[in-house]
Amino acid sequence: MTARFPNTRLRRPRATNWSRRMIRETRATPDDLIWPIFICEGRDTREPVASMPGVDRISIDLAVKAADEAKALGIPCLALFPSTPRDRRNERGDEALNKDNLINRALTAIKAACPEIGLLADVALDPYTSHGQDGLLEDGEILNDETVGILVQQAVLQAEAGADIIAPSDMMDGRIGAIRDELDKAGYASVQIMAYSAKYASSFYGPFRDAVGSSGVLQGDKKTYQMDPANRLEALREVEQDIEEGADSVMIKPGLPYLDIIHAVKGRFGLPTYAYQVSGEYAMLMAAAEKGWLDGDAAIWEAFLSFKRAGCDGVLTYFAPRLARMMGA
Ligand code: PBG
């Protein structure tokens, strides 16, 4: 047998744009996007987040407009995060259980104005605690079961206010099952749970804490509940438990440094799997693009494709509107 050289030319189908389009393995649409937005008090208020150029904290009336924008762009879902005024934060995070708190008012207003858009609400105490931890703090320890007892009530209030997806980001043990039970008991069997299953104790959350006003207040770190970046098998156990407890979908967070986890989770469990491209990932890309060190659109698109390629069904990303526009929306 005389082998001809080269027998196979992988460059052949790469040669033209039309052909590259035909063999493209990964497709993306705005359906793949969840857009996180930051809510603040006030009217017609827009406060830029210094470490996240292009991202603002916006008052509820402007958040309603953002929902209209999402709808026009074909983005199916918004994730809402409150920037709670300092005087509403205390040791126990009581504001989480105020049914008229900022996030609940925002959920109700957006749902009323734009019922076609899905609304995801984050469950955790950090927007409300004076120490910035996600749970109750006692003698330097984050109490698990006592915290879960509060989170279940927070989740029910959010469902009552209009949340379609409850997304617990606190990483307490057992909270998915407890929240599922409580939602069902309260008549919210149709409200979904997207579990922040594998949430790592990451340094990429810095700008977010800036955005929600908790960076200066955080005492200590979150390593006793968020995962060690060195671990992979433990992430699979976290996901498995959340599925058993009733999670409809799971999230891996941050995104880009954890593509291996996304790939492993999707391959093993197959359920709807999301990545959160977090604030620090946004800030890195924006900073490099602003300096002219990267082509912003191209790098943002490439990072997004990597999530899809790794197995994500969708991505929570501050680039959501920009990506939707790149998709031609
Ligand atoms: C809080 C929460 C955090 C993020 C989402 N929910 C920060 C944290 O755990 O300290 C981070 C999101 C981002 O960085 O974009 N429970």
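Reading the values: rules and limits
The residue numbering used here restarts from 1 in each chain and proceeds along that chain's sequence as written. A pLDDT threshold of at least 70 governs which residues receive local features in this predicted model, and a stricter bar of 80 or more applies before side-chain atom pairs are shown or counted, although totals over entire chains, interfaces and linings include all residues. Helix and strand assignments follow DSSP, with helices taken as H or I runs no shorter than four residues and strands as E runs no shorter than two, numbered in order from the N terminus. Values of the radius of gyration come from C-alpha atoms, whereas the globule rule sets the reference at 2.2 Å times the count of residues to the power 0.38. Contact criterion: two residues are in contact if their C-beta atoms, reconstructed from the backbone, are within 7 Å. Residues with at least 20 other C-beta atoms within 10 Å of their own are called buried, those with 12 or fewer are called exposed, and the rest are partly exposed. The C-beta atoms themselves are positioned from the backbone. Criterion used throughout: strands pair if DSSP finds at least two bridges between them. Seen with the strands pointing away from the viewer, any crossover whose path from the first strand over the helix to the second strand runs clockwise is right-handed. In a helix, the anticipated span is given by 1.5 Å times the number of residues less one. Defining nearness, a residue is near a molecule or strand when the C-beta atom obtained from its backbone falls within 6 Å of it. When residues are grouped by polarity, Ala, Val, Leu, Ile, Met, Phe, Trp, Tyr, Cys and Pro land in nonpolar, Asp, Glu, Lys and Arg in charged, and all others, Gly among them, in polar. Helix axes are fitted only over the stretch in contact, all axes being lines through C-alpha atoms; the angle between N-to-C directions runs from 0 to 180 degrees. Roughly parallel refers to an angle under 35 degrees, roughly antiparallel to one over 145, roughly perpendicular to one between 65 and 115, and oblique to any angle outside these ranges. Rotating anticlockwise by less than a right angle from the far helix to the near helix defines a left-handed crossing, while the corresponding clockwise rotation defines a right-handed one. UniProt positions are given in the numbering used here, feature names are shortened, and annotations may be inferred rather than shown by experiment. A set of buried Ala, Val, Leu, Ile, Met, Phe, Trp, Tyr and Cys residues, joined through C-beta atoms within 7 Å, is what we mean by a nonpolar core.

Novice: Can you help me understand the overall build of the chain in this one?
Specialist: Check the secondary structure of the chain and you find 11 helices and 12 strands. Computed over its C-alpha atoms, the radius of gyration of the chain comes to 21 Å, within 12% of the 20 Å expected for a compact globule of 329 residues. For the chain, the C-alpha atoms occupy an extent of roughly 75 × 45 × 40 Å along the three principal directions. Within the chain, contacts between residues separated by at least 24 positions form 74% of all contacts whose residues are at least 6 apart in sequence.

Novice: Would you take a moment to explain the pairing of strand β4 (residues 77-82) for this structure?
Specialist: It is a general feature of regular strands that their side chains alternate between the two faces of the sheet. Summarising burial for β4: 6 of the 6 residues are buried, a large majority. Burial along β4 is two-sided: the face carrying Cys77, Ala79 and Phe81 and the face carrying Leu78, Leu80 and Pro82 are both buried. Here strand β1 (residues 33-39) runs beside β4; their pairing, made up of 6 bridges, is parallel. Note on β4: the bridge partner recorded for Ile34 is Cys77. Across 4 bridges, the pairing between β4 and strand β5 (residues 118-123) is parallel. When the bridges of β5 are listed, Leu80 appears paired with Ala121. Considered for its hand, the β-α-β crossover made up of β4, helix α3 (residues 102-113) and β5 is right-handed.

Novice: Explain helix α2 (residues 60-73) to me, please; I cannot follow it from the model alone.
Specialist: Since the α-helix packs 3.6 residues into each turn, any two residues three or four apart lie on the same face. With 14 residues, α2 ought to run about 20 Å at 1.5 Å a step, and its terminal C-alpha atoms sit 20 Å apart, in line with that. The secondary structure elements touched by the buried residues of α2 are β1, β3 (56-58), β4 and α3.

Novice: Got a minute to help me understand the site of the ligand in this structure?
Specialist: Within the structure, the ligand sits among Asp122, Ala124, Asp126, Asp134, Ser169, Tyr205, Phe208, Arg209, Lys222, Val278 and Ser279. Within the shell around the ligand, the residues separate by chemical class into 4 nonpolar, 2 polar and 5 charged.

Novice: Please explain unusual backbone geometry as it appears in this structure.
Specialist: Backbone phi values are negative for most residues with the exception of glycine, while trans is the configuration of most peptide bonds. The omega torsion across Phe5 and Pro6 is -20°, close enough to zero to call that bond cis. Structurally, Pro6 can be placed in the segment before α1 (17-23). In this chain, Lys253 is followed by Pro254 through a cis amide linkage whose omega measures -5°. Note on placement: Pro254 falls in the loop between β10 (249-253) and α8 (259-269). Positive phi, normally seen in glycine, also occurs at Asp139, with a value near 50°. Among the secondary structure elements, Asp139 is positioned in the loop between β6 (136-138) and β7 (141-143). On the neighbour-count criterion, Asp139 (5 C-beta atoms within 10 Å) is exposed. Notably, Met171 is not glycine yet its phi reads approximately 65°, a positive angle. The exposure class assigned to Met171 is buried, which follows from the 24 C-beta atoms found within 10 Å.

Novice: Teacher, can you tell me more about the packing of α2 against α3 here?
Specialist: In a packed pair of helices, the relevant descriptors are the angle between the two axes and the axis-to-axis distance. Where α2 meets α3, the axes come as close as 9 Å, and the angle between the chain directions of the two elements is 40°. Comparing their axes, α3 and α2 come out oblique. Crossing angle aside, the handedness with which α2 passes α3 is right-handed. When α2 is examined against α3, the residues Ile60, Ala63, Val64 and Ala67 are found in contact with a partner set consisting of Arg105, Ala106, Ala109, Ile110 and Ala113. Counted by class, the contact of α2 with α3 contains 8 nonpolar, no polar and 1 charged residues.

Novice: So what exactly am I meant to see when it comes to the UniProt feature "active site" (unreviewed entry) in the chain here?
Specialist: Mapped onto the present numbering, the UniProt feature "active site" (unreviewed entry) falls at Lys199 and Lys253. Their sequence span is 55 residues, while the largest C-alpha to C-alpha distance among them is just 4.9 Å; these annotated residues converge on one region. For Lys199, a count of 27 C-beta atoms within 10 Å puts it in the buried group. Not counting residues up to four positions away in its chain, the partners in contact with Lys199 are Ser169, Met171, Gln226, Met227 and Lys253. Relative to the helices and strands, Lys253 is located in strand β10. Discounting residues that sit within four places of it in the chain, Lys253 has contacts with Tyr196, Lys199, Tyr200, Tyr276 and Val278.

Novice: Even after reading the chapter, I still don't get the UniProt feature "binding site: Mg(2+)" (unreviewed entry) in the chain, so can you show me in this structure?
Specialist: Taken from the UniProt record, the annotation "binding site: Mg(2+)" (unreviewed entry) applies to Glu238. Its location among the elements puts Glu238 in helix α7 (residues 233-244). Leaving out residues up to four positions away in the same chain, Glu238 has contacts with Ser197 and Ala198.

Novice: It is not clear to me how the nonpolar core should be interpreted in this structure. Could you clarify?
Specialist: Within soluble globular proteins, side chains that are nonpolar generally end up buried alongside one another. Residues Ile39, Leu78, Leu80, Leu120, Ala121, Ile166 and Ile179 are the most contacted members of the largest nonpolar core, which totals 101 residues. Element by element, the count of residues in this core is highest for helix α4 (residues 144-161), at 9 residues. Ignoring any residue separated from it by four or fewer positions in sequence, one finds Leu78 in contact with Trp35, Ile37, Ala67, Ala70, Ile117, Leu119 and Leu120.

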